[in-house]
Amino acid sequence: MAQERQTKKKGVVWYSLVIATIVTSFLLLGVFAGCRKPSEEPPNVTVEGNVQLYISMKEDDPDPSDRIWVEGMSEQVPTTLAEIPANLTQGLGDKTDRAGRTYFAFSYYLMNLSEFAISYEMCVNIEESKGNILDALRVMVIEGDKNVSEGEVYAKPETTFEGRDLLTENTNYTTKAFVSDSMVCKRNASNFEKGTKIKQTLLVWIEGWDIDCNDSILASSVKLSVSITGSKAS
């Protein structure tokens, strides 16, 4: 089961939203995301050095007592981006395809309620991985209400098959390489003005057109985390 944490590090705010995926027989089990704060602090609010970042599921009037929680999903199957709803980012909260079991998705607002502009860094981290599931995994980060075709997709480099790139032949999106073996991506924003908010959507799927989406990923598992650190803008 996924765990999530909040720690304070080097004078910045650290928020961690964790996803866990377990694959057996082409089934992705136990996708989970949540937000939990220590009981002595309001849920979903991080305060340090007067920096106040709220993770909110409400369009207006963020509620510091609100909790973000997404129920786990079982038996996820491979899909491709063209089969994922283009308007997935509309609304907030859990967007996971629980009927077809083809993707995990979650939207929330990141809100700066500080009295000054801040800078923040968002990272999608690979906390733990077993087997070869990362070879076929896709992680997309979308900001705002853009269609999924406008999001940025992160993946490991594609393997060719008999000289053919099946992904290029059968899909219409490009990918950015994982930052490292322990990090999917790192995104930075400066001058996030006071009183402003931005919607962020995380979308995770197993790419069916990836040549590595085969028996080699059976019984694999991966645990990802999304961390957001914020500090006063310089």
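Our subject in this report is the structure included herewith. (Residues numbered from 1 in each chain as written. Predicted model: local features only at pLDDT ≥ 70, side-chain atom pairs only at ≥ 80, totals over all residues. Heavy atoms only, no water.)

## Notes on the side chain of threonine 96
Working step 1: Checked against the element boundaries, threonine 96 lands in the loop between β8 (93-94) and β9 (104-112).
Working step 2: A relative accessible area of 10% means that threonine 96 is categorised as buried.
Working step 3: Only 2.7 Å separates the side chain of threonine 96 from the side chain of aspartate 94, close enough to count as a polar contact. (Helix = DSSP H or I, 4+ residues; strand = E, 2+ residues; numbered from the N terminus. Buried < 20%, exposed > 50% of the residue type's maximum accessible area, 1.4 Å probe, protein only. Polar contact = N/O pair within 3.5 Å; in protein donor to acceptor, adjacent residues only side chain to side chain.)

## Some points on the pattern of salt bridges
Working step 1: This structure, assessed with the given rule, holds eight salt bridges.
Working step 2: Here glutamate 152 ties to arginine 187 by a salt bridge, and the two come within 2.5 Å at their closest N and O atoms. In this pair, glutamate 152 is assigned in strand β12 (residues 152-155) and arginine 187 in strand β14 (residues 183-192), connecting sequence segments 35 residues apart.
Working step 3: Residue glutamate 152 is classed as partly exposed on the basis of its relative accessible area, which comes to 27%.
Working step 4: A single network of salt bridges, built from pairs that share partners, joins Glu143, Glu152, Lys176 and Arg187. (Salt bridge = Lys/Arg side-chain N within 4 Å of Asp/Glu carboxyl O.)

## A short note on the environment of lysine 186
Working step 1: Within the secondary structure layout, lysine 186 lies in strand β14.
Working step 2: Lysine 186 sits in the partly exposed class, given a relative accessible area of 44%.
Working step 3: Filtering out sequence-adjacent residues up to four positions away, lysine 186 remains in contact with Glu121, Met122, Cys123 and Val179. (Contact = heavy atoms within 4.5 Å.)

## Details of the pairing of strand β11 (residues 137-143)
Taken residue by residue, a regular strand's side chains alternate between the two faces of the sheet.
Working step 1: The element β11 is extensively covered by neighbouring structure, given that six of its seven residues are classed as buried.
Working step 2: Of the pairings in the sheet, the one linking β11 to strand β15 (residues 197-206) comprises seven bridges and is antiparallel in character. Paired with methionine 140 across the bridge in β15 is leucine 203.
Working step 3: Across three bridges, β11 lies against β12 in antiparallel orientation. Bridge pairing in β12 links valine 139 to tyrosine 154. (Pairing = 2+ DSSP bridges.)

## Some words on unusual backbone geometry
Working step 1: You will see that arginine 101, though not glycine, has its phi angle at about 60°, which is positive.
Working step 2: By secondary structure assignment, the location of arginine 101 is in the loop between β8 and β9.
Working step 3: What makes arginine 101 partly exposed here is its relative accessible area of 26%.
Working step 4: The phi torsion at asparagine 191 lies on the positive side, around 55°, for a residue other than glycine.
Working step 5: Here asparagine 191 lies in strand β14.

## A closer look at the pairing of strand β6 (residues 51-56)
Working step 1: The element β6 is largely enclosed, with a buried count of five among its six residues.
Working step 2: Of the pairings in the sheet, the one linking β6 to β9 comprises four bridges and is antiparallel in character. Following the sheet pairing, isoleucine 55 is matched in β9 by leucine 110.

## Some details on the side chain of threonine 171
Working step 1: As for its placement among the helices and strands, threonine 171 is situated in the loop between α1 (166-170) and β13 (175-177).
Working step 2: With a relative accessible area of 14%, threonine 171 lands in the buried category.
Working step 3: In this structure threonine 171 touches Thr80, Glu207 and Trp209, once residues within four positions along its chain are discounted.

## Description of the nonpolar core
Working step 1: Among the nonpolar cores identified, the biggest contains 33 residues, and Val124, Leu137, Val139, Val184 and Ile228 are the most heavily contacted of them.
Working step 2: Where this core is concerned, the elements lending two or more residues are β6, β9, β10 (118-130), β11, β14, β15 and β16 (221-232).
Working step 3: The leading source of residues in this core is β10, at five residues.
Working step 4: Discounting chain neighbours no more than four positions away, the residues touching valine 139 are Val124, Glu152, Val153, Tyr154, Val184, Leu202, Leu203, Val204 and Leu224.
Working step 5: Formed by 13 residues, the second largest nonpolar core is a distinct cluster that contains Ile84, Val148, Leu167 and Trp205. (Core = buried A, V, L, I, M, F, W, Y, C linked by side-chain atoms within 4.5 Å.)

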